[in-house]
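# Coordinate analysis (summary)
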Amino acid sequence: MTPLAAILVRDMRIAVRVGGGALIGVLFFLVVVTLIPFAVGPNLPLLKQIGPAILWLAALLASLLALDRLFAADHEDGSLDLILMSRAPLELVVATKGLAHWLTTGLPLVIAAPLIGLLLNLDAPAEITLVLTLLVGTPALTFIGLIGAAIAVTLRRGGLLLAVIVLPLTVPVLIFGVAAANTVGPLPFGTPFTILCALTLASLVIGPFAAAAALRQEME
Amino acid sequence: MRLSAVDLACHRGGRDVFAGLSFAVAAGEALAVTGRNGAGKSSLLRTIVGLVRLAQGKLSLEGGDPELTIAEQAHYLGHQDALKPSLTVGENLRFWAGFLGARAVDIHPALTAVGLDELADLPAAYLSAGQRRRLSIARLLTVKRPIWLLDEPTSTLDASAQERLAGLMQAHLAGGGLILAATHGAIGLDTARELRLGEVDS
């Protein structure tokens, strides 16, 4: 087994075990979205209008939920020392951990989104565009989050700092994700969706490099 | 194979931890790094594997693989055991074997060597401190690397486990490996030379 495959398998295993972040992310997502119709009331046109935005916000918060432990856990138990010593490039290890996190936290959100979209009165075309934008956009949320997770690695209450660092950086993804998902708005689907794809591709590259640099800096 | 250090210095947190440190360890030799608390025993081991930046001096390895760094040819057994409580004993060991570059590995000989073979399917959360230590020692046996850097390897180990570790270290030395161990007490190797830190006062 190559080092990167070993990391992927281990992180996914930990995430689905008791105390792992995978199930908690999805449950949090479902709870937050379920609360909205209770708060807003049974106003179907309004729900339909704000539905994609609500789902996107909930997905954003849910992807950040387990992210603060991503490197902090490895730092506390000494695994990070061995990872830093290893021949596998740190950038690739970080990207692999991001992939494992997305597969266990982001992907379940994408799968759960159409079900929970029914609560917000989304019709079939709206559901399809929503799933597409979340599928393309959630990797960007995870990989931008890697930067915050790496910066917060040595801090005890890293989760709060993580949110403060990461949430502003996710604003462009949120804007174009919601714009593409909104089928009732004035914008066409293609333009914001293309920009969303570009943002994701950029974050897939920048995230691991920035996070690896932060980890190296902090381990000194 | 020979690991040599010339005039090493290490600064951490604005303080000189040690300076002007020179030593050499050849294949088949063990060096016990001793000294009072805070003398820089752990910092020395972490400096050798590149986890702490070398402030001054030169570290070199003769006779090793020139393609690899010293860290990539070394096993580092730190204070923490690098185990995930939610994974089983076997999964933890298999992960490190895979991550450290073993292709397909049978973990049972290593688990037997540290006396944990019957516990292979137990989640690591249920292990005692000594058992966790033994499991992380098993990591050194799954992938063969010539340099062992051990940070207080005998802490938390009981008498029989300490004996077992001494046996493993002797086997490693006999196989042409070299060992640097930071320690307070005896590590159970009669042949070990001593490197005393802390003579340099900052």
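Sequence order as written defines the numbering, with residues in each chain counted from 1. Going through the entries in the order they are written, you letter the chains from A and number the ligands from 1. Since the coordinates come from a predicted model, pLDDT governs what is reported: local features require at least 70, and pairs of side-chain atoms require 80 or more to be given and counted, while whole-chain, interface and lining totals use all residues.

### Regarding the overall build of chain B
What counts as a helix is a DSSP run of H or I of at least four residues, what counts as a strand is a run of E of at least two, and both are numbered from the N terminus. For chain B, the helix and strand inventory stands at 5 helices and 8 strands. Its helices and strands in sequence order give chain B the pattern β-β-β-α-β-β-α-α-α-β-α-β-β, from N to C terminus. Between the two quantities, the radius of gyration covers C-alpha atoms and the globule rule is 2.2 Å times the number of residues to the power 0.38. Radius of gyration (C-alpha) of chain B: 17 Å, near the 17 Å computed for a compact globule of 202 residues. In terms of overall dimensions, chain B has C-alpha extents of about 50 × 35 × 35 Å along its principal axes. A total of 202 residues make up chain B; the buried ones form 44% of that total. Put plainly, a residue is buried at 20 or more neighbouring C-beta atoms within 10 Å of its own, exposed at 12 or fewer, and partly exposed in between, counting only other residues' C-beta atoms, which are placed from the backbone.

### Let's talk about helix α8 (residues 158-169) of chain A
All names here are of chain A. To estimate how far a helix should extend, the number of its residues minus one is multiplied by 1.5 Å. For α8, with 12 residues, the first-to-last C-alpha span of 17 Å sits near the 16 Å given by 1.5 Å per residue. For α8, the complete set of buried residues consists of G158, L162 and V166. For α8, the angular spread of buried residues about the axis comes to 40°, placing them on one side. Along α8, the residues that are exposed and aim more than 90 degrees away from the buried face are L160, V164 and P168. What the arc describes is the spread of directions from the helix axis to the C-beta atoms.

### With respect to the interface of chain A and chain B
A pair of residues counts as a contact when their C-beta atoms, built from backbone coordinates, are separated by no more than 7 Å. Listed per partner, the contact involves 22 residues of chain A and 20 residues of chain B. For the side of chain A that touches chain B, the secondary structure elements donating two or more residues are α1 (3-16) and α5 (79-85) of chain A. At 6 residues, the largest contribution of residues to the side of chain A that touches chain B is made by α1 of chain A. Each residue is assigned to one of three groups, with Ala, Val, Leu, Ile, Met, Phe, Trp, Tyr, Cys and Pro labelled nonpolar, Asp, Glu, Lys and Arg labelled charged, and all others, Gly among them, labelled polar. Of the residues assigned to the side of chain A that touches chain B, the class counts are 10 nonpolar, 5 polar and 7 charged.

### Details of the sheet that holds strand β8 (residues 193-196) of chain B
Residue and element names in this part refer to chain B. Here a strand pair is declared whenever DSSP counts at least two bridges between the two strands. Spatially, 5 strands are ordered β5-β6-β7-β3-β8 in an open sheet, and the strand pairing comes out parallel. Lying at the two open borders of the sheet, with one neighbouring strand each, are β5 (74-77) and β8. Pairs of neighbouring strands in the sheet enclose a mean axial angle of 15°, with direction left out of account. Bridge count between strand β3 (residues 30-34) and strand β7 (residues 178-182): 4 bridges; the pairing is parallel. The angle between two axes is taken between their N-to-C directions and runs from 0 to 180 degrees, where each axis is a line fitted to C-alpha atoms and a helix contributes only its stretch in contact.

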